[in-house]
Amino acid sequence: MSDTVYSADTIADCQQELAALAKEPRTHFNKREAVAVLFDDIEAALANHTYSEVAKRLGKSGIDISAGSLKQYMLKLKRERQGSTKKTSGSSKRNRRNSQPKPTVEKSFSNTPPSQTVTRKRVLPEPFDEVKTAY
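Report on the accompanying structure. (Residues numbered from 1 in each chain as written. Predicted model: local features only at pLDDT ≥ 70, side-chain atom pairs only at ≥ 80, totals over all residues. Heavy atoms only, no water.)

A closer look at the overall build of the protein chain
When helices and strands are counted, the protein chain shows six helices and two strands. Sequence-ordered secondary structure for the protein chain, helices as α and strands as β, is α-α-α-α-α-α-β-β. Within the protein chain, the fraction of its 135 residues that count as buried is 10%. Taking the contacts inside the protein chain whose residues are at least 6 apart along the sequence as the reference set, 35% of them involve residues at least 24 apart. (Helix = DSSP H or I, 4+ residues; strand = E, 2+ residues; numbered from the N terminus. Buried < 20%, exposed > 50% of the residue type's maximum accessible area, 1.4 Å probe, protein only. Contact = heavy atoms within 4.5 Å.)

Quick look at the structure:
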């Protein structure tokens with residue numbers, strides 16, 4: 001496979017074009033970027049209106065977004081602006097629930113003499129209703 005070779009003039013032209021492009025304002029945004037640009041205005045509107053009302057007004061202006069998406073974007077942007085990385089998902093609740101010790105049952109084996117009774121602890125599944133074994 002042959003390598004394409006570019007002249008110094010071509011590279012200089014590309015540098016000039018990229019420098020000019022970098023100075024031009026952005027003209028296209030996705031929904032999240034649009035919400036980020038409009039963040040302060042949206043927050044002001046939310047002081048007196050619901051997410052649904054704000055989303056409808058944005059839709060009339062050309063930004064088609066659901067109230068749920070708007071709320072999600074706004075909450076995420078608020079966290080980013082505050083410098084917080086705390087997640088709001090249920091993962092922290094799941095982690096707390098899974099970190100609790102599981103209930104144990106002590107089982108003594110009666111086929112050994114009383115002086116040598118062996119006690120073993122067994123971890124039961126959560127929640128423990130009744131464990132049935134089929135043989």
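Still to come is the rest of the account.
Here we look at the pattern of salt bridges
Scanning the entire structure with this criterion turns up four salt bridges. Between Glu33 and Arg26 there is a salt bridge whose closest N-O contact spans 2.9 Å. A residue is classified by how much of its surface remains accessible, and Glu33, at 26% relative accessible area, is partly exposed. For the salt bridge of Arg81 with Asp40, the shortest nitrogen-to-oxygen distance reads 3.7 Å. You can see Arg81 sitting in helix H5 (residues 67–82) and its partner Asp40 sitting in helix H3 (residues 39–46), a full 41 residues away along the chain. A relative accessible area of 48% means that Arg81 is categorised as partly exposed. (Salt bridge = Lys/Arg side-chain N within 4 Å of Asp/Glu carboxyl O.)

Details of the nonpolar core
Ranked by size, the top nonpolar core spans eleven residues in total: Val35, Phe39, Ile42, Leu46, Val54, Ala55, Leu58, Ile65, Leu70, Met74 and Leu77. Among the secondary structure elements, those contributing two or more residues to this core are H3, helix H4 (51–60) and H5. Val54 has contacts with Ile42, Ala45, Leu46, His49 and Leu70, leaving out every residue within four places of it along the chain. (Core = buried A, V, L, I, M, F, W, Y, C linked by side-chain atoms within 4.5 Å.)

Some words on the packing of H3 against H5
Between H3 and H5, whose axes approach to 11 Å, the crossing angle comes to 115°. The chirality of how H3 crosses H5 is left-handed. In this structure, H3 uses Phe39, Asp40, Ile42, Glu43 and Leu46 to contact H5, whose residues at the interface are Leu70, Met74, Leu77, Lys78 and Arg81. For the contact of H3 with H5, the per-class residue count stands at six nonpolar, no polar and four charged. (Axes fitted to C-alpha atoms, helices over the stretch in contact; angles between N-to-C directions. Left-handed = near helix turned anticlockwise from the far one by under 90°. Nonpolar A, V, L, I, M, F, W, Y, C, P; charged D, E, K, R; others polar.)

By themselves these figures say nothing about function.
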